[in-house]
Amino acid sequence: MKEFDVVIVGGGINGCGLLRDLALNGVKTLLIEKGDYSSQTSEGSSKMLHGGVRYLENFDFALVQEALEEKNLWLKLAPHVCFEREFYVPLYNFSKYRPWMLGIGLFLYDFLSHFQNKPFAILNKEKVLKEVPSLEHKGLLGAGKYFDGIVDDAKLTLECLYDALLEPGVEALSYHEVLKVNENVVTYKNRKTGETTDVRGKIIVYTTGPFTDTLLPKLGIPWTPKLVPSKGIHLWLKPGTIEASGSVVLTTKDNRVVFVIPQRDAVLVGTTETPVDQDVFDIKATDREVKYLIGILKEYFPNAEINESTIISTFAAVRPLVREEGSNESLGKVSRFHKIFRPNAHSYVMLGGKYTTFRRMCQELAAEIVPRLGKTYNPNHTMNPLRQKSIVPTFGKKPVMTKDLIQKIIVTEKVSTFEDLVKRRLSLLENMDEMKTVMGVPVSEVKQLFS
Ligand SMILES: Cc1cc2nc3c(=O)[nH]c(=O)nc-3n(C[C@H](O)[C@H](O)[C@H](O)COP(=O)(O)OP(=O)(O)OC[C@H]3O[C@@H](n4cnc5c(N)ncnc54)[C@H](O)[C@@H]3O)c2cc1C
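Here the residue numbering is sequential within each chain, running from 1 through the sequence in written order. Where local features are concerned, this predicted model is filtered to residues with pLDDT of at least 70; where side-chain atom pairs are given and counted, the filter is 80 or more; whole-chain, interface and lining totals use all residues. Water and hydrogen atoms were dropped before computing side-chain values, which therefore reflect all heavy atoms in the structure.

Trainee: In this structure, what is going on with the environment of Val185? I would like to understand it.
Mentor: The helix and strand labels rest on DSSP assignments: H or I over at least four residues marks a helix, E over at least two residues marks a strand, and numbering proceeds from the N terminus. Note that Val185 resides in strand β9 (residues 185-190). Of the residues examined, Val185 reaches a relative accessible area of 16% and is grouped as buried. A C-alpha to C-alpha distance of 9.1 Å links Val185 and Ile204, two positions 19 residues apart in sequence. Note on contacts: a residue pair qualifies if any of its non-hydrogen atoms lie within 4.5 Å across the two residues. Discounting chain neighbours no more than four positions away, the residues touching Val185 are Met1, Lys180, Asp198, Val199 and Arg200. Only protein chains enter the accessibility calculation, which uses a 1.4 Å probe; a residue whose area is less than 20% of its type maximum is buried, one above 50% is exposed, and one in between is partly exposed.

Laid out in structure tokens, this is it:
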């Protein structure tokens, strides 16, 4: 039986981030992921690296500050997978806040970033309409303008994985599902062949996000439910559907926010917030949820043509939010802080938090694990740039695609299926069933590479 210092279950951003931190500290680690890496929550986020202006309302200053520090770090470390852009918060005569109040909030936001954010501004009505001409004019008072990061969430996760795998003794498996854990022995199944294998880990870490509450009891680990799972969906709209030079933050009647973010030659719109009790693996958006978002868009952009034909595709994911002891807060207000649990002497569970702060969460856990293995932990290794970049950058200049280049991506970027390639390695947004070519290479030729 193969032996590792650490076995990580779950290959989203938290699993891949922890794998990288442990790998850079010389820990022999195996990561096991049920689907493709980053194919669940960590590719279904709103794709923002942000402090979260709205968390200021909850006085979560420490979380906002930490997230802003991380956002500004990643903008420097990985400019090929993230970039900074402006966000407008339009204020109407029915809005909860007046422009001066928003001004105080945005000043605090910039202050908490140690003034590393590009500076905010409060715009009058004329200025807002010049920059976001399609906004509803009636009742508009002005807008706040601030800056946050946009990220290709799946790519950043993948690049953390590639970076980790450059270290000796570090391995990862996708499409392998953990079925059983008996003390230190983990049994996993190859989902393609059905073959099962045992592996031993001195320490086992579960970074299984929204799947944790159902998975852990099945594996026989002592566990009471910790999550308040909440589903969020997004739409990718055709470019130009909404005329805006930057992103727009809309407040809904139930006091939630919906982001409209132009990027990748499309417009990203999201999100919703509904409790879930069904199976959350590969979760999809429903027609009702799509209609809800279109309804909000129509209120704020009355002249925009938004219908089925302007939607490129949709996606959904479940937030792994951790319930506060004794809290009955609404979903939007459940804290985004993370928690590390220790269900038995050799296991850890890392839950909650935000994508933006993954490196900090992983640092906290790695700082506990590495000394237990008799090594000295250095928290600074993860501040170095990622060493293996994706062949096709999401935001930079794209290479001319050929069948040979696709073959190279399949091998070097750990691709198992056509969907892994299209959605997460090439970051294409189209509905896969309707695609004729993959960046110019006929779909039939690309599919042959997987047969
Ligand atoms: C709608 C929405 C919008 C969001 N927007 C933002 C945002 O803009 N900015 C931000 O900072 N954060 C955002 N978040 C939060 C962020 O996406 C999550 O905090 C983060 O992605 C959680 O990552 P994870 O690795 O814990 O979970 P996941 O990415 O879900 O990883 C868990 C993995 O465990 C695997 N797994 C499950 N069972 C098994 C098993 N038996 N064996 C092996 N593997 C298994 C799953 O396949 C999965 O890949 C958003 C979340 C949602 C849902």
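Trainee: Hey, could you run me through the site of the ligand in this one?
Mentor: Taken together, the neighbourhood of the ligand is formed by 38 residues, with Glu33, Thr41, Ser42, Met48 and Thr356 sitting nearest. Definition of a polar contact: a pair of N or O atoms within 3.5 Å, with one able to donate and the other able to accept a hydrogen when the atoms are protein atoms, and with sequence-neighbouring residues admitted only if both atoms are side-chain atoms. Residue Asn14 places a side-chain N or O atom 2.8 Å away from an oxygen atom belonging to the ligand. A distance of 3.1 Å is found between a nitrogen atom of the ligand and a backbone nitrogen or oxygen belonging to Lys34. Contact with the protein chains removes 96% of the 1,000 Å² of surface that the ligand exposes when unbound. Those elements giving two or more residues to the shell around the ligand turn out to be α1 (13-24), β8 (176-182), β11 (230-237) and β16 (311-319). Residue polarity follows a fixed list, in which Ala, Val, Leu, Ile, Met, Phe, Trp, Tyr, Cys and Pro are nonpolar, Asp, Glu, Lys and Arg are charged, and the others, Gly among them, are polar. In terms of residue class, the shell around the ligand is built from twelve nonpolar, 20 polar and six charged. Where a domain begins and ends is set by an automatic assignment or by a domain database. Each of two domains, domain 1 (2-42 + 154-227 + 331-383) and domain 2 (81-149 + 228-319), supplies a minimum of three residues to the shell around the ligand. Neighbouring residues are identified by heavy atoms, a residue being near a molecule or strand if any of them is within 4 Å of it. Each accessible area is a Shrake-Rupley result for a 1.4 Å probe, and residues are judged covered by the shown protein chains and nothing else.

Trainee: What exactly am I supposed to notice about the nonpolar core here?
Mentor: Buried together is how nonpolar side chains tend to be arranged in soluble globular proteins. By convention a nonpolar core is built from buried Ala, Val, Leu, Ile, Met, Phe, Trp, Tyr and Cys residues, the set being connected through side-chain atoms within 4.5 Å. One finds Val6, Leu22, Trp74, Val205 and Ile369 to be the most contacted residues of the largest nonpolar core, which totals 42 residues. Only β1 (2-9), α1, α2 (61-77), α5 (153-165), β10 (196-206), β18 (347-352) and α8 (358-372) provide two or more residues apiece to this core. With seven residues, α8 is the single largest residue contributor to this core. The residues touching Ile369, leaving out its near neighbours within four places in the chain, are Val6, Leu22, Ile203, Val205 and Tyr348. One finds Phe211, Leu235, Leu250 and Leu293 within the second-largest nonpolar core, a separate group that totals 36 residues.

Trainee: Explain the packing of α2 against helix α3 (residues 99-112) to me, please; I cannot follow it from the model alone.
Mentor: Pairs of packed helices are described in terms of their axes, by the angle between the two and the distance that separates them. Where helices are involved, their axes are fitted lines through C-alpha atoms of the stretch in contact, as for all axes, and angles between N-to-C directions lie from 0 to 180°. Across the interface, α2 lies against α3 with an axial gap of 8 Å and an inter-helix angle of 55°. By the angle between their directions, the pair α2 and α3 is classed as oblique. Facing Phe61, Val64, Gln65 and Leu68 of α2, the residues of α3 in contact are Leu108, Tyr109 and Leu112. Counted by class, the contact of α2 with α3 contains six nonpolar, one polar and no charged residues. To sort the angles, those under 35 degrees are grouped as roughly parallel, those over 145 as roughly antiparallel, those from 65 to 115 as roughly perpendicular, and the leftovers as oblique.

Trainee: Please clarify how the domain arrangement of the protein should be interpreted in this entry.
Mentor: Reports of interface size often rely on the accessible area that becomes lost once the parts have come together. Per the domain assignment, the segments of the protein are domain 1 (2-42 + 154-227 + 331-383), domain 2 (81-149 + 228-319) and domain 3 (403-448). Taking the mean C-alpha position of each, domain 1 and domain 2 sit 32 Å from one another. With 16 residues of domain 1 at the interface, the matching set in domain 2 holds 13 residues. Across the domain 1 to domain 2 interface the summed buried area is about 1,200 Å²; carbon plus sulfur atoms make up 70%. Should a side-chain nitrogen of Lys or Arg be within 4 Å of a carboxyl oxygen of Asp or Glu, the pair is scored as a salt bridge. On the surface where domain 1 and domain 2 come into contact, there are zero salt bridges. At the junction of domain 1 with domain 2, the criterion picks out one residue pair in polar contact (both at pLDDT 80 or more). As a working definition, buried area equals the accessible area (1.4 Å probe) given up by two parts on being put together, with both sides summed.

Trainee: Is there a simple way to explain α8 in this structure?
Mentor: An α-helix turns once every 3.6 residues. As a result, residues three or four positions apart point the same way. Each helix should span, by expectation, one fewer than its residue count multiplied by 1.5 Å. For α8, with 15 residues, the first-to-last C-alpha span of 22 Å sits near the 21 Å given by 1.5 Å per residue. Every buried residue of α8 is listed here: Phe358, Arg359, Met361, Cys362, Gln363, Leu365, Ala366, Ile369 and Val370.

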